[in-house]
Amino acid sequence: QVQLVESGGGLVQPGGSLRLSCAASGTDFSNYVMGWSRQAPGKQRELVATIVSGGNTNYADSVKGRFTISRDNTNNTLSLQMNSLKPEDTAVYYCNARHRWILKNYWGQGTQVTVSS
């Protein structure tokens, strides 16, 4: 079992930056692929970025060059550094954990990010 708690959401101006954090607790954190997804009103949920335990990352085209995902396996935390934010980035952001071999998938409660002047 993995429990995830996001934090760091809020209001930011276009072009600004925001850093989201996800605290994970439970068993076998290093065997989970971690990720961030987001969902805007009226839109499908979009996978934003993923990171494996060793640090390899993948990003959605919409955030490449602007967002950076990272993880701290010692402290069981996941982060998303968001730079050059656009109004289109406004969404609820969710932390996700997917086991590498077992059909186990967990997610947090979400945190609201609003990009507006």
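These numbers come from a predicted model, not from an experiment. (Residues numbered from 1 in each chain as written. Predicted model: local features only at pLDDT ≥ 70, side-chain atom pairs only at ≥ 80, totals over all residues. Heavy atoms only, no water.)

1. Digging into the overall build of the protein chain
Thinking step 1. A tally of helices and strands in the protein chain yields zero helices and eleven strands.
Thinking step 2. Its C-alpha radius of gyration of 13 Å places the protein chain within 12% of the 13 Å reference for a compact globule of 117 residues.
Thinking step 3. The principal-axis extent of the C-alpha atoms belonging to the protein chain is close to 40 × 25 × 25 Å.
Thinking step 4. Each of the 117 residues in the protein chain was classed as buried or not, and the buried ones make up 40%.
Thinking step 5. A fraction of 55% describes how many contacts in the protein chain between residues 6 or more apart in sequence connect residues 24 or more apart.
Thinking step 6. In the protein chain, which carries 11 positive and 7 negative side-chain charges, the distance between the mean positions of the two groups comes to 3 Å. (Helix = DSSP H or I, 4+ residues; strand = E, 2+ residues; numbered from the N terminus. Rg over C-alpha atoms; globule rule 2.2 N^0.38 Å. Buried < 20%, exposed > 50% of the residue type's maximum accessible area, 1.4 Å probe, protein only. Contact = heavy atoms within 4.5 Å. Lys, Arg positive; Asp, Glu negative; His and termini not counted. Charge placed at Lys NZ, Arg CZ, Asp CG, Glu CD.)

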